[in-house]
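# Structural overview for review
Spelled out, the chains give:
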Amino acid sequence: MIKMQEIRKIYRTEHVETHALDSFDLEVKAGEFISIMGPSGSGKTTLLNLIGLLDSFDNGSYVLDGEDVTKLSDRQMSHIRNLKIGFIFQTFNLIPDLNVFDNIDVPLRYRGMPARERRTSIEEALSTVGLVSRMKHLPTQLSGGQQQRVAVARAIVGRPKLILADEPTGNLDTAMANDIMDLLEKVNESGTTLVMVTHDPDLARRASRQIHLLDGSLIDLKTQDSHVPLINAVPAAFANADC
Amino acid sequence: MTVFVYQLRLAFKSLRRNPVLSALMVVAIGLGIAVSTASVTIYYIYSGNPIPQKSDVLFHVELDNWHPDKPFDSDHPERAPFQLSYRDATAIMQSDVPTYQTAAFRGEFIVFPDDDQQRPFREHIRMCFSDFFLMFEVPFQYGNGWDEAADQTPESVIVIDSEMNQKLFGGINSVGRSLKIQDRYFTIIGVLAPWRPTPKYYDPTGDPFGKPEGIFMPFNFTPVLEVYSSGSTWGWTPDSITNHEGYMQSEMLWIQMWVQLDSATQKQAYQDYLDAYVIEQKKLGRFARPLNNRLLNVMTMLEEQEVVPDSTRSQLVVSLLFLVVCAINLIGILLGKFLSRAPEIGVRRALGASRSSVFIQHVLECEVIGVLGGGLGLAISVLVLNLINRMLSTGEHLHLDLTMVGAGLLLSLVAGLIAGVYPSWRICHVAPAVHLKMQ
């Protein structure tokens, strides 16, 4: 699903160059559930932005779902985001003056889908997250957990192959967090690839694979069962680190 | 199309989000549109072609019988006086070259209504030949103009305009009724339909945007009724004029002369006729200036007469600049408004909105402001023009027609574009990732 090779991302200011990602390799198979962990500033944000085609990189290549997306125009990248990627954010990022239905409708609108098909898809997505009865509510009329459910519905409504979740439970209490994780696992079980950033080791362990980032490099990459590194991008200094 | 409708919906939703700010922006554009549309309308009406179907074959005749040592217009020495003397006008009326021809001027009479309830009143009367109605395609509501025989006799017939007919006869068909003018009764032979050539090209001296005269009378009553011009009269000779006969035989210039020449050959023939006439007159000691007989079509004549005042042109430019300033002022407001929405745009970009889609969405919002402002501006324009009409007592003279409404809406779209392009360009180039707060 995702194949990144030799990715380098440098943030430049007038005086400083910051290597956010350096010679970074990553491969994620279709249907996998990956969790990404790491301290603040380790490059998790940058990695999600690059995977989600929201930012460009300086060097390397990136193949998404069999398509080389290394050098695409803005319009092409937007099209791929719309068709293949769903986003879930820590702060939900619902549009405040759109009701639940219209929020979920946003990606379908940019797809130019006919009204009847949109309605059917939105109702299905709302049914999946259990919020059909809240269709006409504004985000401010919902609890945090409900808002994140709407965000999940918005992410899955277009049936994307990949969902990028950025601390999806970061603003929720434990019970709500578990609800959301159950939902995401259900989505993953239906075949959707899931890449999730989290600070919570318990939640991370629910993924089929965990990735640890430090200073823009992969320092550990193991399957939950085998603990065998899958990618040869581990700097020598961290080769024996056990996170 | 579906996406376009969606973006339009978003534009309206965005405007509703902050109604006071939106209203202020609409009012700003509206004021700019009101001022510029009113100015464009005034300019458009002042500079328009009053008879487009014939303006190239109707010619104003000018003969240069001015001072031997000084041109009529020192700024434009090539120009001749706009009017002719009575003796020259009546002499060249003998030509059989033009399809139609008329000498004409504005006189003033006292009219005595039959109705005892109405008091006598002074009225401007156009003294003209029968061809006047044909060459200028004057519309009739009842009856017709008089014929050539009535010109020659002259017969005591008149044509009145619709306003005069309303005033004297309540608007009924008054053909055949008589009307006392000075000490003589005239039979009404025709009643005009409403007619308001703008500008009043057949005689733009004086008030080129005034109403046509209410009564039209055969020109040859000029000596009979001893009619003097109530319009402009020009002269350069020191002749002392003691009576009407002296007025008619003097070198004073007070007659407008028009001919219709339908082809280049006909025009050349008439030019030759005029030249021959003036050469003949030179032998009699008149026309001391170099031969300069001119035939000006309608638009050239109006341009030379400077019918459109310079102030109108300046006003047009200033008003358009005012609209641009209104639009530029909105740039800052829109920029602030759009950038405050960057997080939402980040989400939309993540969900599939392309940069161009975001750009179009925001330009559309600006165009909606522009069009709403345009509607408001056009409404204010109507009020402003009505006010000007009342102040100048010009009736319905200045009004918005469909062309001007279209021009107003076009200007509002341009203003929306001027205001919106830069803020829209900035917001569509905002990096989405920055505003998504990914961890």
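Conventions we followed
Residues numbered from 1 in each chain as written. Chains lettered and ligands numbered in written order. Predicted model: local features only at pLDDT ≥ 70, side-chain atom pairs only at ≥ 80, totals over all residues. Contact = placed C-beta atoms within 7 Å. Helix = DSSP H or I, 4+ residues; strand = E, 2+ residues; numbered from the N terminus. Nonpolar A, V, L, I, M, F, W, Y, C, P; charged D, E, K, R; others polar. Pairing = 2+ DSSP bridges. Axes fitted to C-alpha atoms, helices over the stretch in contact; angles between N-to-C directions. Buried ≥ 20, exposed ≤ 12 C-beta atoms within 10 Å, placed from the backbone. pLDDT = per-residue confidence, 0-100. Core = buried A, V, L, I, M, F, W, Y, C linked by C-beta atoms within 7 Å. Parallel < 35°, antiparallel > 145°, perpendicular 65-115°, else oblique. Left-handed = near helix turned anticlockwise from the far one by under 90°.

Before going further, it helps to spend a moment on the interface of chain B and chain A. Opposite the 22 residues of chain B that make contact, chain A presents 29 residues. Those elements that provide at least two residues to the side of chain B that touches chain A are α1 (2-17), α12 (342-350), α13 (355-392) and α15 (432-436) of chain B. Sort the elements by how many residues they give to the side of chain B that touches chain A and α1(B) lands first, with five residues. Tallied by class, the residues present in the side of chain B that touches chain A amount to ten nonpolar, six polar and six charged.

Sheet strands pair via backbone hydrogen bonds, and the direction of the pair is either parallel or antiparallel. Residues and elements named next belong to chain A. Spatially, four strands are ordered β2-β1-β4-β5 in an open sheet, and the strand pairing comes out antiparallel. The sheet is open, and its two edges are formed by β2 (17-28) and β5 (67-68), each paired on a single side. Bridging between strand β4 (residues 59-64) and β5 involves two bridges; their strand directions are antiparallel. For leucine 64, the partnering residue across the bridge sits in β5 and is glutamate 67. Contacting β1 (2-12) and β2, helix α1 (residues 44-51) runs over the sheet at an angle of about 125 degrees to β1.

Right, let's talk about the pairing of strand β2 (residues 100-112) of chain B for a bit. Residue and element names in this part refer to chain B. Two elements, β2 and strand β9 (residues 256-260), share five bridges in a ladder whose sense is antiparallel. Each residue of the ladder has a partner; that of tyrosine 100, found in β9, is glutamine 260. Bridge count for β2 against strand β6 (residues 178-181) is two bridges, and the pairing is antiparallel. Directly across from valine 111, in β6, lies its bridge partner isoleucine 181.

Consecutive side chains of a regular strand alternate in pointing toward one face of the sheet and then the other. All names here are of chain A. Taken across its five residues, strand β3 (residues 33-37) has five buried, putting it largely inside the fold. The pairing of β3 with strand β8 (residues 193-197) spans four bridges and is classified as parallel. Within β8, the residue paired with isoleucine 36 across the bridge is valine 197. Direction of pairing for β3 relative to strand β9 (residues 209-214): parallel, over a ladder of four bridges. For isoleucine 34, the partnering residue across the bridge sits in β9 and is arginine 209.

In this section: the confidence of the model for chain A. Of all residues in chain A, 90% have pLDDT values of 70 or greater, and the mean over the chain is 84. Counting contacts from residues 223-243 of chain A, a segment whose pLDDT is below 50, to residues more than four positions away or on other chains yields 32 contacts.

Moving on: the nonpolar core. Membership of the largest hydrophobic core comes to 109 residues, with the highest contact counts inside it found for Ile36(A), Val152(A), Ala153(A), Leu164(A), Leu194(A), Val195(A) and Ile29(B). At ten residues, the largest contribution of residues to this core is made by helix α2 (residues 19-47) of chain B. Those residues in contact with Val195(A) that sit more than four places away from it in its chain are Val28(A), Ile34(A), Ile36(A), Ile51(A), Leu162(A) and Leu164(A). Grouped together as the second largest cluster of nonpolar side chains are 63 residues, Val61(B), Phe72(B), Ile158(B) and Leu168(B) included.

Residue and element names in this part refer to chain B. Packing of α2 against helix α11 (residues 310-339) leaves a shortest axis separation of 9 Å and a crossing angle of 165 degrees. Judged by the inter-axis angle, α2 sits roughly antiparallel to α11. The interaxial crossing formed by α2 with α11 has left-handed handedness. Here the contact of α2 with α11 is composed, by residue class, of 19 nonpolar, seven polar and two charged.

Counting buried positions along α12(B) yields seven of nine residues, so the element is predominantly enclosed. Among the residues of α12(B), those classed as buried are Glu344(B), Ile345(B), Gly346(B), Val347(B), Arg348(B), Arg349(B) and Ala350(B).

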